[in-house]
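Reading the structure
What follows is each chain in one-letter form.
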Amino acid sequence: MTRAELDRRRLALIRGGDATRFLRVGTGYLIGRRLVLTARHVVEASKGTPWAQIVVRVGHPHDADVHRCLASVRWTDPEERDVALLLLDNEVDVPGTIRWGRPVGNTPLPYQGLAYPSATFKDGQHKVEHLRGKLPPQAGGVGAQDLYVLDQESAPDMRADGEQAWSGASGSAVFCQDHLVGVVIHDDHAFANRRLHACPARTFTGNPAFATLLQRYGDGPPEPVDITSTPPHETPATTTPNSAHKAEAEGPGPEIDSLPAAEPAAAMQGRTETNGPFDMSWTGKEPLSTYATMLGKRGWKGLATLTAIGALASVIGFSLMPGLRLEKLPGEEMPPGFVPLMVGVLGALFAVSTSISTIGRAYSEHLLKNRAGWGLYVGPHYMATTSVTGRREFAWDQIQRVTIEAIRPQGGNVEELRGTARYLYTGIHIRTKYGPGVDMYPAGWPYPWPGSVAGRGNQFPICVLGPMLAQQRAELTQALARYGGQKWKPPKA
């Protein structure tokens, strides 16, 4: 399959409004047969409310092959970043596959994109502007201000009517070295139209719902690579393992403090360059036996049976109470009604306690059957995880120690009796000066409640390790050693 650079056939003009007129114009980029990437504010009349009608024109106006489609908002970022995916009512087939990137390093990178800014609208036509300039990777903030800075080579003057000259450019795809790295979301008044800001692709490509849509309508889950001032070497991606890799599988499950065994047919994705960053993701559909150790075999049905026994004992005890005296007479060791009363009370307490465990176990088994995907990245500046809770980054200068060991449920085996964590996982742990800061759980951990993971002081797990081939395990430990240096502590043999 050919790899696509900035492709004008994928350029999209987006117009939103009602049945009578268009009220907003923006830009987008086709990233799948029916998926258009754009800015969220382009496709919403108000926050959380999409336009009643969205019309998308895919293709450059110079080309004869231009497609006009109706569209609906299919995905918006759960962390409210200004980015969205539109689903077209018809397929638009453009050859090539999208490559994703994340600019790193100190040297500003050349970037380019195509857009429909209002400054170029004339005689009823939306004309294309070829954006180009520099993207300094070190600029930007954190949180909502974690945005790329785009310094323009050419920029329109301020409009006399007070309207934004760059209005309409929102949603433009930003490319560095033929990798899609972000989406334009707004301009910067302080720089008089000479600067735009873009939402980095690395902040949303790890979202499981986003990846699922790309899997269904596009080229598969995004796999961003680091982009520096030196173009990356072309390295074949690690493909989904198949039967040819069965010889590399190492058994049904990991030993404590060891790396997970390989899964012969795991639906995992990864791209790792030799002596480069480690980047891998798992779908959540991999068999647990390939990377987790079962703590116990008692299921919710067994606990439900114990609950029924306790409830029956309670009913029998209380049913024997009527007519029996509870007052103790002189010379009696206990009144005749004492034993039935205690049986009833203890049976009721036992039934209540086991019913809580039954509910917890049934819910945890439901979670295990509906696990979401997650990912891990180990690079020169930070480690990052992606999961249903979003993307988390852990900068190397904030990490004191990194190792791989068992991820233990809070309370150890007591948690098993309480009906929650049923499996023991292996994962990456880090130690920082201040600890996790928030009551978080690692990516790939299936139990989304606070306090379900045991930590040791300021050391805490950040990512469950799913099934991996022997080569992938070696690449992970090499990346941790290469970028972690003395902070990396290999697992005990």
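Summary of the structure given here. Source: prediction; values computed, not measured.

1. Some words on empty space enclosed by the protein
Tallied over the full model, the rule gives two cavities of 30 Å³ or more. Taken as a whole, the second largest cavity spans an internal volume of roughly 60 Å³. Together, 13 residues line the second largest cavity, and Thr203, Phe204, Asn207, Gly390 and Arg391 are the ones closest to its centre. Its residues assigned to classes, the lining of the second largest cavity shows two nonpolar, six polar and five charged.

2. Re the sheet that holds strand E2 (residues 22–30)
Judged by pairing direction, the barrel is antiparallel, and its six strands sit side by side in the order E1-E2-E3-E8-E7-E6 before closing back on the first. Strand-to-strand, the axes of this sheet are offset by a mean angle of 40°, without reference to chain direction. Packed onto the sheet, helix H2 (residues 208–217) meets strand E3 (35–38), strand E7 (67–76) and strand E8 (84–88) and runs at close to 145° relative to E7.

3. Here's the deal with the pairing of strand E11 (residues 129–135)
Sheet topology places strand E10 (residues 109–115) next to E11; seven bridges connect them, and they run antiparallel. Bridged to Leu109 within E11 is Leu135. Sheet topology note: the E11/strand E12 (residues 148–152) ladder contains two bridges and is antiparallel. From the neighbouring strand, Gly133 faces E12, where its bridge partner is Gln152.

Each value, and the rule that gives it
- Residues numbered from 1 in each chain as written.
- Predicted model: local features only at pLDDT ≥ 70, side-chain atom pairs only at ≥ 80, totals over all residues.
- Heavy atoms only, no water.
- 1 Å grid on protein atoms, 1.4 Å probe; cavity = no way out; pocket = protein on both sides within 12 Å on 5 of 7 lines; lining within 4 Å.
- Points joined across faces, edges and corners; volume = space filled by probe spheres on them.
- Nonpolar A, V, L, I, M, F, W, Y, C, P; charged D, E, K, R; others polar.
- Pairing = 2+ DSSP bridges.
- Helix = DSSP H or I, 4+ residues; strand = E, 2+ residues; numbered from the N terminus.
- Axes fitted to C-alpha atoms, helices over the stretch in contact; angles between N-to-C directions.
- Contact = heavy atoms within 4.5 Å.

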